[in-house]
Amino acid sequence: MELTFYGHSCFKIVSPNGKKILIDPWVSNPQAPKNVDLGPYDYILITHAHGDHLGDAIKLARTSVTQVIAIHEIQQYLLSKGVPNAIGMNIGGSYRSNGLTFTMVMALHSSSLPDGSYGGEPCGFVITLENGLRVYHAGDTGLFYDMKLIGELYQPEVALLPIGDHYVMGPREAAKACQLVKPKFVIPMHYQTFPILTGTVEEFKAFLSEENYQPEVIVLRPGESFILK
Ligand code: NI
Ligand code: MN
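Residues numbered from 1 in each chain as written. Chains lettered and ligands numbered in written order. Predicted model: local features only at pLDDT ≥ 70, side-chain atom pairs only at ≥ 80, totals over all residues. Heavy atoms only, no water.

Thoughts on the coordination of the nickel ion (ligand 1)
Applied cut-off: Coordinating donors are taken to be N, O and S atoms lying within 2.8 Å of the metal, or within 3.2 Å when the metal is Na, K or Ca; because water is excluded from the atom set, some sites may appear incomplete. Here a site with four donors is tetrahedral if all angles are between 85 and 135 degrees, and a site with four or six donors is square planar or octahedral if opposite donors are over 155 degrees apart and the other angles are between 65 and 115; anything else gets the irregular label. A run of DSSP states H or I qualifies as a helix once it reaches four residues; a run of E qualifies as a strand once it reaches two. Both are numbered from the N-terminal end.
Every protein donor of the nickel ion (ligand 1) is listed here as His48 (NE2), His50 (ND1), His109 (NE2) and Asp140 (OD), and their distances to the metal cover 2.2 to 2.3 Å. Note that the nickel ion (ligand 1) binds four donor atoms; their angles at the metal cover 89 to 177°, and the shape is irregular. When the donor residues of the nickel ion (ligand 1) are listed from N- to C-terminus, their spacing reads H-x1-H-x58-H-x30-D. Here the nickel ion (ligand 1) and the manganese ion (ligand 2) are spaced 3.3 Å apart, and both take Asp140 as a donor. One end of the pair, His48, is in the loop between strand S4 (43–45) and helix H1 (51–54); the other, His109, is in the loop between strand S8 (100–106) and strand S9 (123–128), with 61 residues separating them in the sequence.

Points about the coordination of the manganese ion (ligand 2)
Protein-derived coordination of the manganese ion (ligand 2) comes from Asp52 (OD), His53 (NE2), Asp140 (OD) and His190 (NE2), at a distance range of 2.1 to 2.3 Å. The sequence motif formed by the donor residues of the manganese ion (ligand 2) is D-H-x86-D-x49-H.

Considerations on the packing of helix H5 (residues 171–181) against helix H6 (residues 201–209)
Inclusion rule: Whenever a helix is involved, its axis is fitted only over the stretch in contact; in every case the axis is a line through C-alpha atoms, and angles between N-to-C directions fall within 0 to 180 degrees. For classification, angles of less than 35 degrees are called roughly parallel, those exceeding 145 degrees roughly antiparallel, those between 65 and 115 degrees roughly perpendicular, and all remaining angles oblique. By the definition used in this description, the sense in which the near helix is turned from the far one sets the handedness, with an anticlockwise turn below a right angle giving left-handed and a clockwise turn giving right-handed. Whether two residues are in contact is decided by their heavy atoms: any pair within 4.5 Å suffices.
Two elements in contact, H5 and H6, have axes whose closest approach is 8 Å; the angle formed by their N-to-C orientations is 45°. By the criterion of interaxial angle, the relationship of H5 to H6 is oblique. Crossing of H5 against H6: the hand is right-handed. Contacts from Pro171, Arg172, Ala174, Ala175, Cys178 and Gln179 of H5 reach H6 at Glu203, Phe204, Phe207 and Leu208.

In structure tokens form, the structure reads like this:
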């Protein structure tokens with residue numbers, strides 16, 4: 001698989017069979033590289049309804065070849081905005097399609113739609129690719145002990161964890177999250193996009209060095225990719 005960071009919490013994954021997945025499709029974020037792939041995608045995943053995650057979903061999902069996967073309330077909102085192919089699900093369940101499995105897991109955060117109405121619960125996703133590789137995108141979240149269950153059940157090779165602090169885990173909490181999830185690789189996200197997201201990779205690595213379990217930290221600058229076979 002090839003995983004590309006588009007800045008903030010936005011990632012593109014190309015699966016082993018060539019399916020294109022976009023997570024938290026805010027492709028117009030201030031960190032976004034110039035050469036963002038605008039699709040069409042096979043799948044767009046949305047962790048919650050805040051603008052920095054829902055992002056450009058409506059624009060990117062105008063075609064029915066793109067399945068948007070989100071919690072029920074966001075699906076209803078997207079359908080009302082004319083998005084033709086939105087799949088609504090909820091936490092704990094999996095959606096299977098073309099040899100891929102999308103499992104919705106909990107996140108500890110809030111969620112509201114652009115009009116201020118309730119956006120359903122926030123979530124994370126565990127994506128199981130055709131070859132069994134698993135990627136955990138934690139969404140926006142604080143640290144919670146049930147991350148241990150996500151680690152035990154799904155054993156993701158790669159975890160995408162927020163480290164920016166203030167609205168999400170900071171470096172210290174993210175280092176502890178690695179002890180619960182135990183991914184082989186961790187990729188920091190949701191930091192330095194705005195001045196208030198103060199967490200840094202250096203702090204994250206320093207806190208990790210005090211912990212027992214050390215995943216490999218992969219730092220992607222916007223536009224850079226990580227390839228895993
Ligand atoms: Ni949020
Ligand atoms: Mn956010």
